[in-house]
Amino acid sequence: MHYVEEGHGNVVLFLHGNPASCYIWRNIIPHVSKGSRAIAVDLIGMGKSDKPDIGYHYDDHSRFVEGFIDALGLKDITLVIHDWGSLLGFRYAHENEANCAGLVFCAGLVFMEASVRPLNFKDMPLDTRVCFPWCTRFLSGTCSSRWATSSSASCSTR
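What you see is a predicted model; the values in this text were computed from it and never measured. All chains use their own residue numbering, which begins from 1 and follows the written sequence. Note on the predicted model: pLDDT of at least 70 is required for a residue's local features to be given, and 80 or more for side-chain atom pairs to be given and counted; whole-chain, interface and lining totals, by contrast, use all residues. The basis for every side-chain value is the complete set of non-hydrogen atoms in the structure, without hydrogens or water.

Novice: Explanation requested: the overall build of the protein chain in the structure shown.
Specialist: By definition, any uninterrupted DSSP run of H or I lasting at least four residues is a helix, any uninterrupted run of E lasting at least two residues is a strand, and each is numbered from the N terminus. Each helix and strand counted, the protein chain has 5 helices and 5 strands in total. Written out in order from the N terminus, the α and β elements of the protein chain read β-β-α-β-α-β-α-β-α-α. The classification of residues rests on relative accessible area computed with a 1.4 Å probe and restricted to protein chains. Under 20% of the type maximum is buried, over 50% is exposed, and intermediate values are partly exposed. Taking all 158 residues of the protein chain together, 42% fall into the buried category. For the protein chain, the proportion of contacts with a sequence separation of at least 24, taken over those separated by at least 6, is 68%. Accessible surface, the protein chain: about 8,300 Å² in total, of which carbon and sulfur atoms supply 52%. Whether two residues are in contact is decided by their heavy atoms: any pair within 4.5 Å suffices. Under the convention used here, a 1.4 Å probe and the Shrake-Rupley method define accessible areas, while residue burial counts only the protein chains that appear.

Novice: Looking at this structure, how should I read the packing of helix α2 (residues 58-72) against helix α3 (residues 84-95)?
Specialist: Helices that pack against each other are described as a pair by the angle of their axes relative to one another and the distance between those axes. Across the interface, α2 lies against α3 with an axial gap of 10 Å and an inter-helix angle of 60°. With respect to their mutual orientation, α2 and α3 come out oblique. Seen along the crossing, α2 lies across α3 with a hand that is right-handed. Touching Y58, D59, H61, S62, V65, E66 and I69 of α2 are W84, L87, L88, R91, Y92 and E95, all from α3. Residue polarity is assigned by list, with Asp, Glu, Lys and Arg as charged and Ala, Val, Leu, Ile, Met, Phe, Trp, Tyr, Cys and Pro as nonpolar; anything else, Gly included, falls into the polar class. For the contact of α2 with α3, a count of residues per class yields 7 nonpolar, 2 polar and 4 charged. Angular values range over 0 to 180 degrees, each being the angle between N-to-C directions of two axes fitted as lines to C-alpha atoms, with helices fitted over their stretch in contact. Here the angle decides the label: under 35 degrees means roughly parallel, over 145 means roughly antiparallel, 65 to 115 means roughly perpendicular, and every other value means oblique. Crossing handedness: left-handed means the near helix sits turned counterclockwise from the far one by under a right angle, and right-handed means the same turn made clockwise.

Novice: Please explain the confidence of the model for the protein chain as it appears in this structure.
Specialist: In low-pLDDT segments, the atomic positions of the prediction should not be examined closely. The share of residues in the protein chain with pLDDT of 70 or more is 68%, and the mean pLDDT across the chain is 80. Every residue gets a pLDDT, meaning the predictor's confidence in that residue, from 0 to 100. Across residues 112-116, where pLDDT falls below 50, the model places 8 contacts with residues more than four positions away in sequence or in other chains. Within the model, the stretch residues 141-158 combines pLDDT values under 50 with 33 contacts to residues more than four positions away or in other chains.

Novice: Explain α3 here, please?
Specialist: Side chains of residues three or four places apart in an α-helix project in the same direction, reflecting 3.6 residues per turn. With 12 residues, α3 extends 17 Å from end C-alpha to end C-alpha; this agrees with the ideal 16 Å at 1.5 Å per step. For α3, the full list of buried residues reads W84, G85, S86, L87, L88, G89, F90, R91, Y92 and A93. Here the expected span of a helix is defined as 1.5 Å times the quantity of residues minus one.

Novice: Explain the nonpolar core to me, please; I cannot follow it from the model alone.
Specialist: The tendency in soluble globular proteins is for nonpolar side chains to be buried as a group. Judged by nonpolar contacts, the single largest core of 24 residues is most densely connected at L13, L15, L43, I69, L74, I77 and L79. Of all the elements in the fold, those that place two or more residues in this core are β2 (10-15), β3 (36-41), α2, β4 (77-83), α3 and β5 (100-108). Of all the elements, α3 adds the most residues to this core, at 6 residues. Contacts of L43, omitting those with residues within four sequence positions, involve M1, L15, H16, S49, H61, V65, W84 and L88. To qualify as a nonpolar core, a set must consist of buried Ala, Val, Leu, Ile, Met, Phe, Trp, Tyr and Cys residues joined through side-chain atoms within 4.5 Å.

Novice: Can you walk me through unusual backbone geometry in this structure?
Specialist: Note the cis peptide between N18 and P19, where omega equals -10°. With respect to the helices, strands and loops of the structure, P19 is situated in the loop between β2 and α1 (29-32). A positive phi angle is found at Y56, which is not glycine, with a value near 55°. One can find Y56 in the loop between β3 and α2. In this structure Y56 comes out as partly exposed when scored by relative accessible area, which is 30%.

As structure tokens, then:
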């Protein structure tokens, strides 16, 4: 998977939305990298990352993100997650809480901000909720108290 990296220190990993690439973080990384190791990845099949012959299902993307983190040996990560990257980031955080120092959430699909009409997780069809069982934990406020999420957060790339 293609990625850009700047700085040294605590790891801040940026996961972009769909369809996009790590390029969306180009104006944010220089500020973050002054005191941290900022890493922005192109999700598999996007940007400059490889385009393997896979189904590109949610589980495929999730395995590639976890494999990327493992391959680089990233520890105590602060995830900056946007849009499609929010689904992948929240799942990683849920399954690897001990390896996550924090979450920064902007315009994520978890709260369905990108849908045609606003939709809360509890209002989604059951078959959709079953695909993302970890969402309930984050939306119910039972996630670690060191993490704060906000559906009103915004990201600027200008």
